[in-house]
Amino acid sequence: MLEQAPSPHSRLVALLGPTNTGKTHRAVQRMLEHPTGMLGLPLRLLAREVYDRLTRELGEQQVALITGEEKRTGRHPRYWVCTVEAMPMSQEVDFLAVDEIQLAAHPRRGHVFTDRLLHARGRSETWFLGADTMRPLIAALLPTAVIETRPRLSVLEARGQSSLGSLPARSAVVAFNVPEVYRLAERVRQRRGGAAVVLGAFSPRARNAQVALYESREVDYLVATDAIGMGLNLGIRHVAFASVRKFDGRDERPLSAAELAQVAGRAGRHLENGSFGTLAPLPALPAGLRQNIAEHRFEAVRYLSWRNSDLDLQTLPGLLESLQAGSRRPLLRRLPPASDQEALERLAEDAEVRQRARGSGNVELLWQACQIPNYRRWLPELHADLVKQVFTQLTGPLGKLSSDWLDASLRPLSDLHGDIDALTARIGSLRTWSYLAQQPWTDDVQHWVGQTRELEDRLSDALHERLVDRFVARRRQLVQLPAPEGREAAPSAGNPFRALGSLREQLREAEAFPTLERWLEELLEAPHERFEFDEAGNVFDGRGPELGRPGDAARLGKLVRGASLLRPEIKLSVEGLSPSQQLRLSRRLLAWSRDLVSELLGSLRAPPNPPWSPAGRGLCYELEQHLGALPAKEALVGQAQLTDSDRHAFAARGVRLGKEAVFLVESLAPRQRWARQALARAFEPRDLGGLPALQEAVCFVAPASFSEQWLSWLGFLLLGQHAVRIDVADRVSRRLRRCARGGAFELPSELGRWLQADERAVTAIVRALGYKRGTDQRYRRARRRRKPQSRE
């Protein structure tokens, strides 16, 4: 991985404080103030949560998700959400942040966080977020950093021991090994009706499905490992520790006060107070420890884990030696060999590997293969054997991983039978193959990425089913598609599908009709193109129907008024969904609606080089708020204020700076006219009875209730009593100005064709544009523009 050199001009900020201080939220908001940004997070689950939050805000096309096992990249990504290890450091961004920077002291992962602390920088600004225990080390290592402290937003109260029967609703029970988590979840089901379960080994899909059960209050209890401690946002009021010891990969040890506080701090969300304690039979925490956790008082971190990143990749002995190098800084301590270094040291003793690892290219390839994560937690010798298989194939005649080998390795993981442990183990094993599929080591990366993602989705759905069956007392009845012969006359009241035509044929080809839950999961992961809409803002699951003719598509919901024109809300129309399913579908459709806006505005949001002047930035903002088109006289920023570079940037984006209107040409394309109408009608509904189809109209008489602003949202300019599509009005205006240069003129015959209007309407529009007809029936510029008729 190439790393950008620390920028001397990047403003360094260390934002430190306990849990529930809004550090991550503040960093995300700050990132969005920059044209581009990258956020490094400690967990794949947390990265997916932040990615989902950003896509609900911006849509999927402007955001990328990069983890070891998963890459989701929109068409024009501006913001990158990554696990810290997977941050693409060759990608330059204006803003860069790393969360949970105190993990730089972690004995196995710490060297990656330390490396980011020392070397990763945004062009303009760099933030490090974490616990206040990092203050002395950050001050010493980054003397130019501005250190800010954020107080906790709510009170964290220390309590003693609780029994299972006395646990308050909205509690999380925390244990540190999987068998104990399942045992506790079973007890909660028997005593309290059910629990959601969250483990770090879960896929984001399985984790999201379980969290949705909790967030929608289908269950009031959560049983989890310390995976919830790293920033996952859940409405937890009380955290009950069932254990305070964990196996850290080498030994079982007691958790430190800071580690307990990281988990306990999940209690209390935003301004709501929270509490923590223990679950019987575990005794209450010592009074001094409870007080330290409640008051966030912990011993400062004294040194960071470090590993040399300036590696010698010319020879295998040179690589081994460079990994053993120590740091000259006393605050940085070389960590014990991590799994990648352990694998390299084992393979360096293998004669075949030594024979192949000759030349800098093969040495670098061996090191890349050694960095395959040991997700399966196999013994070091077994993991090293997998690394050897990969390396020998990559240095073999094909120079690629064998498709037959990959297929044979994935085949056992496709079994959906077995209990929770079996499915969790398969998901864990699949993470390794998902990582391999993301590398450029196969003949068809997209194929293997698709294969592993499909397998993970199926295993995740099966796991969620097993978890609900085992740990939730009241099980919902699944809705299933009926399968009569022939075409349905109409959808049934309880069936959210209109599964006809090609969709039904696809289902029959699969030899099974999907349950509602399987259909929903498929829909949640579907690309933007799967969703269709009509001019009224109805949203459909359409597999290829023509725009505006959803036909066999299922109606999912409707765009309704939101916080602004660009941020509509969704009103679901699908029946038969549980509260958790409604929550997840609403979030997916919100992300789709943000993509719809991004698609409409197209290149307008791309940052120019050189940057906008204040006037250019202001006009760009106005255009965005008006869906890419507004009357020139309504613009708060005059075109005379624009610089030459502004004008070039607008021209490059397809923005027409006309006398009558300023508009983004692509925002008036046929599909975008549908989107404009759907968004405008969602924000300010209007009665369109008796009017032509606005998405096809060029000119019509505007009802008095249609304001000039509302018409501009649709892409029309009000000229007298007529609404004229803005691009056509601009074309007519330019033609008339050319005619007027020679003095009095006759109306060009093509105006009627352009406006698709009769002579009377054309004459009225020309008059509204500032031209008058003389006694000789020829037109001249009027000395004063005629004011448009009031729309009040």
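Residues numbered from 1 in each chain as written. Predicted model: local features only at pLDDT ≥ 70, side-chain atom pairs only at ≥ 80, totals over all residues. Heavy atoms only, no water.

1. Comments concerning empty space enclosed by the protein
Going through the model one piece at a time under the given rule, you end up with four cavities of 30 Å³ or more. There is about 130 Å³ of room inside the largest cavity. Mapped by element, the contributors of at least two residues to the lining of the largest cavity are helix 2 (44-58), helix 6 (204-215), helix 15 (420-438) and helix 16 (445-471). Looking at which element gives the most residues to the lining of the largest cavity, the answer is helix 16, with five residues. Looking at the lining of the largest cavity, its residues break down into two nonpolar, three polar and ten charged. (1 Å grid on protein atoms, 1.4 Å probe; cavity = no way out; pocket = protein on both sides within 12 Å on 5 of 7 lines; lining within 4 Å. Points joined across faces, edges and corners; volume = space filled by probe spheres on them. Helix = DSSP H or I, 4+ residues; strand = E, 2+ residues; numbered from the N terminus. Nonpolar A, V, L, I, M, F, W, Y, C, P; charged D, E, K, R; others polar.)

2. Describing helix 2
Along its 15 residues, helix 2 runs 20 Å from first to last C-alpha, staying within 8% of the 21 Å computed at 1.5 Å per residue. In terms of residue burial, helix 2 counts as a mostly covered element, since twelve of its 15 residues are buried. Those residues of helix 2 not exposed but buried are R44, L45, L46, A47, R48, E49, V50, Y51, D52, L54, T55 and L58. Where helix 2 terminates, the next one or two residues include G59, which has phi positive at roughly 90°. (Expected span 1.5 Å × (residues − 1). Buried < 20%, exposed > 50% of the residue type's maximum accessible area, 1.4 Å probe, protein only.)

3. As for the packing of aromatic side chains
Evaluated as defined, the whole model comprises eleven aromatic pairs. Between W405 and W433, the ring centres sit 5.1 Å apart and the planes meet at 70°, which makes this aromatic pair edge-to-face. One end of the pair, W405, is in helix 14 (residues 403-410); the other, W433, is in helix 15, and 28 residues separate them in sequence. The exposure classification of W405 matches that of W433, with both residues buried. Centroid distance F745 to Y771: 5.9 Å. Interplanar angle 80°. Geometry classified as edge-to-face. (Phe/Tyr/Trp six-rings, centres within 6.5 Å; stacked < 30°, edge-to-face > 60°.)

4. A short note on the pattern of salt bridges
On inspection of all chains with the given rule, the structure shows 55 salt bridges. Between D776 and R780 there is a salt bridge, with the nearest N and O atoms lying 2.8 Å from each other. Salt bridges sharing partners connect three or more residues here, namely R44, R48, D52, E69, E70, R72, R431, E456 and E525. (Salt bridge = Lys/Arg side-chain N within 4 Å of Asp/Glu carboxyl O.)

5. Things to note about the confidence of the model for the protein chain
Residues of the protein chain with pLDDT of at least 70 account for 90%, and the chain-wide mean is 86. Segment residues 475-514: pLDDT under 50, and 69 contacts once partners within four positions in sequence are set aside and those in other chains are kept. Residue range residues 544-552 is modelled with pLDDT below 50. Its contacts to residues more than four positions away, or to other chains, number 14 contacts. (pLDDT = per-residue confidence, 0-100. Contact = heavy atoms within 4.5 Å.)

6. A short note on the sheet that holds strand 26 (residues 699-701)
With respect to topology, three strands assemble into an open sheet ordered 26-28-27, the strand pairing being antiparallel. Strands with a single pairing partner mark the edges of an open sheet, and in this sheet they are strand 26 and strand 27 (716-719). Across the sheet, the axes of successive neighbouring strands diverge by a mean angle of 25°, strand direction being ignored. As paired strands, strand 27 and strand 28 (residues 722-725) are joined by four bridges and run antiparallel to one another. Among the inter-strand pairings, L718 is bridged to a residue of strand 28, identified as A723. Sheet contacts for helix 24 (residues 726-740): strand 27 and strand 28; angle to strand 28, the most-contacted strand, approximately 90°. Docked against the sheet, helix 26 (residues 759-768) engages strand 26, strand 27 and strand 28, running at close to 85° with respect to strand 28. (Pairing = 2+ DSSP bridges. Axes fitted to C-alpha atoms, helices over the stretch in contact; angles between N-to-C directions.)

7. Quick look at the sheet that holds strand 8 (residues 146-149)
Each strand in a sheet pairs with another by means of backbone hydrogen bonds, the pair being arranged parallel or else antiparallel. Reading across the sheet, the eight strands line up as 4-3-5-2-6-7-1-8 and stay open at both edges, with mixed pairing between neighbours. At either end of the open sheet lies a strand with only one pairing partner, and these are strand 4 (71-73) and strand 8. For this sheet, the mean angle separating the axes of adjacent strands, direction not counted, is 15°.

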